[in-house]
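# Summary of the model geometry
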Amino acid sequence: EMPPIVGDVEFRDVTFSYEDGVPILNGVSFHVKPGETYAIVGPTGAGKSTIINLISRFYNLDSGELFIDGIDINSVTIKSLRKQMGVMLQDSFIFSGTIMDNIRYGNMEASNEEVVAAAKTVCAHDFIMGLENGYDTEVNERGSRLSAGQRQLISFARALLADPKILILDEATSSIDTETEILLQEGLAKLLAGRTSFIIAHRLSTIKNSDKIMYVDGGQIIELGNHDEL
Ligand code: ATP
Ligand code: MG
C-alpha cells in the first residue's frame, strides 16, 4: 500500500522501451519537489507522454528507478499508487449522463453543493449555467455540445474533487477560443495549487506559469530549468 504522500517525484537514470524493444527513454533523471509545476515540451515523438505514463506505472522500466516520496513505485500496489494521482488526458473523458454526474465522478461521495463549488473554483460554473439545463444537462461520450475547452474545464472540476497530490495533464492541442483559454488558465492555476504537477504543455500561457520547463527530445531531457535559465 502507498501511504498518503506529499508528492515528491524522482526519476533516477530511467531507460525504457516498448514491447518492440526500440529504446525510447535513455537515462532520464529529474527530481520534482512537492507542489512544483513542470511543463514538459518537445517535438512529437520525443517521449513526453511516455515519461508521464511511467509515473502511473502503465509500463515497467528497462532500468533505473522511479520514486514517489522516496518509495520505489514497484514496491506498492498499482491501485494504491494511482489513488494518489489525477490524470487528465488530451481528449477529456466525458461519459453519458449529466454534467453533475460527470464532475462527481472525481469523488462519488461529493454532494451537489460540493460539485458546484468545485466547478466554481475552476471557472467552469458560468458556462455550465449557460447550458439549457445547467448541471442537469445530458451529455454523451463524444461530449456532444461541449467544446474541447469546456470538456477540459469539466475534467478540472472532476480532478479538484478527487484532490490528488500528483496531477498529470496532457494539454489539448485543439484550437481554443481566447475567452475559454483565459478560463482554462485561471481554472488550472486553482487546480494546481498545492499539488505536484506535470503538464505536457502546448499553450504558451501554461509554459509561462510553470515553475520548471523540461525540454525533451529523442527520449532525453535536453534542458531543464526555470524561465530565467532557459
Ligand atoms: P506527441 O507530442 O506526439 O504526443 P510524445 O513526445 O508524447 O509525442 P511519445 O508518445 O512518448 O511521444 O512517444 C515516444 C516514442 O515512443 C515515439 O517514437 C513513439 O512512436 C513510440 N511509442 C509510443 N507509444 C508506443 C507503443 N505503445 N508501442 C511502441 N512504440 C510507442
Ligand atoms: Mg504525447
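What comes next is a walk through the structure. Just so we're clear, the structure is a prediction, and the values are computed from it rather than from any experiment.

Our focus in this paragraph is the nonpolar core. For soluble globular proteins, the rule of thumb is that nonpolar side chains tend to be buried together. Ranked by size, the top nonpolar core spans 38 residues in total, and within it Ile99, Ile103, Phe127, Ile128, Tyr135 and Phe156 carry the most contacts. Elements that contribute at least two residues to this core include exactly strand S3 (37-41), helix H3 (99-104), helix H4 (112-121), helix H5 (125-129), helix H6 (148-162), strand S9 (166-170) and helix H7 (178-192). Here this core takes seven residues from H6, the largest share from any one element. Those residues in contact with Ile128 that lie beyond four places of it in its chain are Ile99, Ile103, Ala119, Gly134, Tyr135 and Ile154. Residues Leu25, Ile51, Leu66 and Ile73 belong to the second largest nonpolar core, which totals 29 residues.

This part takes up the pairing of strand S1 (residues 9-17). Across seven bridges, the pairing between S1 and strand S2 (residues 23-32) is antiparallel. Within the sheet, the bridge partner assigned to Phe11 lies in S2 and is Phe30. The loop that links S1 with its antiparallel partner S2 comprises five residues; one of these, Gly21, has a positive phi angle of about 85°. Pairing geometry for S1 and strand S4 (residues 63-68), over five bridges, is antiparallel. Bridge assignment links Glu10 to a residue of S4, and that residue is Phe67.

Across a sheet, paired strands are connected by hydrogen bonds in the backbone, their directions being either parallel or antiparallel. Pairing is mixed across the open sheet formed by six strands, whose spatial order is S6-S9-S10-S3-S11-S12. Strands at the two margins of the open sheet, each flanked by one partner only, are strand S6 (85-88) and strand S12 (220-225). Between one strand axis and the next, the sheet turns by 15° as a mean value, whatever way the strands run. Judged from the five bridges that link them, strand S11 (residues 212-217) and S12 form a sheet pairing that is antiparallel. Its bridge partner lying in S12, Val216 is registered against Ile221. The strands touched by H6 are S6 and S9; relative to S9, the strand with the most contacts, the crossing angle is about 170°.

Take the site of ligand 1 next. In the region of ligand 1, the neighbouring residues are Tyr18, Asp20, Ile24, Pro43, Thr44, Gly45, Ala46, Gly47, Lys48, Ser49 and Thr50. Note that an oxygen atom of ligand 1 is positioned 2.4 Å from one of the side-chain N or O atoms of Thr44. Within the contact set of ligand 1, an oxygen atom lies 3.2 Å away from a backbone nitrogen or oxygen of Ala46. Considered on its own, ligand 1 offers 640 Å² of accessible surface; in the complex 59% of this is hidden by protein. Of the residues contributing to the shell around ligand 1, the split by class is four nonpolar, five polar and two charged.

Next up on the list: the pattern of salt bridges. For the coordinates displayed, the defined rule picks out five salt bridges. Salt-bridge contacts for Lys212 lead to Glu36; the nearest nitrogen and oxygen are separated by 3.7 Å. With Lys212 in strand S11 and Glu36 in the loop between S2 and S3, this pair connects stretches of sequence that are 176 residues apart. Owing to a relative accessible area of 23%, Lys212 belongs among the partly exposed residues under this scheme. Linking Arg195 and Asp163 is a salt bridge whose minimum nitrogen-to-oxygen distance equals 2.8 Å. Taken as a pair, Arg195 in the loop between H7 and strand S10 (196-200) and Asp163 in the loop between H6 and S9 lie far apart in primary sequence, 32 residues in all. Given a relative accessible area of 7%, Arg195 falls into the buried group. Taken together, the shared-partner salt bridges in this structure form one network comprising Glu171, Glu181 and Arg203.

Parameters at a glance
- Residue numbers run consecutively from 1 along every chain, following the written order of its sequence.
- For naming, the first written chain is A and the first written ligand is 1, with later ones following in the order written.
- Given that the model is predicted, a residue must reach a pLDDT of at least 70 before its local features are reported, and side-chain atom pairs must reach 80 or more before they are shown or counted; all residues, however, enter totals for whole chains, interfaces and linings.
- As a rule here, side-chain values come from all non-hydrogen atoms in the structure, and water together with hydrogens is ignored.
- Nine residue types can take part in a nonpolar core, namely buried Ala, Val, Leu, Ile, Met, Phe, Trp, Tyr and Cys, and a core is a set of them joined through side-chain atoms within 4.5 Å.
- For every residue, the accessible area obtained with a 1.4 Å probe (protein chains only) is divided by the maximum for its type, and the residue is called buried under 20%, exposed over 50%, and partly exposed between those limits.
- A helix here means a DSSP run of H or I that spans at least four residues, while a strand means a run of E at least two residues long, and both kinds are numbered starting from the N terminus.
- Residue contacts are defined here by distance: any two heavy atoms, one from each residue, within 4.5 Å place the two residues in contact.
- DSSP-based pairing: two strands are paired if at least 2 bridges between them are found.
- Axes, fitted as lines to C-alpha atoms, cover a helix only where it is in contact. Angles between the N-to-C directions of the axes lie from 0 to 180 degrees.
- We define proximity as follows: a residue is near a molecule or strand when any one of its heavy atoms falls within 4 Å of that partner.
- Definition of a polar contact: a pair of N or O atoms within 3.5 Å, with one able to donate and the other able to accept a hydrogen when the atoms are protein atoms, and with sequence-neighbouring residues admitted only if both atoms are side-chain atoms.
- Areas reported as accessible are Shrake-Rupley estimates using a 1.4 Å probe. Residue values count occlusion only from the protein chains shown.
- Gly is placed with the polar residues, together with every amino acid not listed as nonpolar (Ala, Val, Leu, Ile, Met, Phe, Trp, Tyr, Cys and Pro) or charged (Asp, Glu, Lys and Arg).
- Salt bridges are defined as contacts in which a side-chain nitrogen from Lys or Arg sits within 4 Å of a carboxyl oxygen from Asp or Glu.

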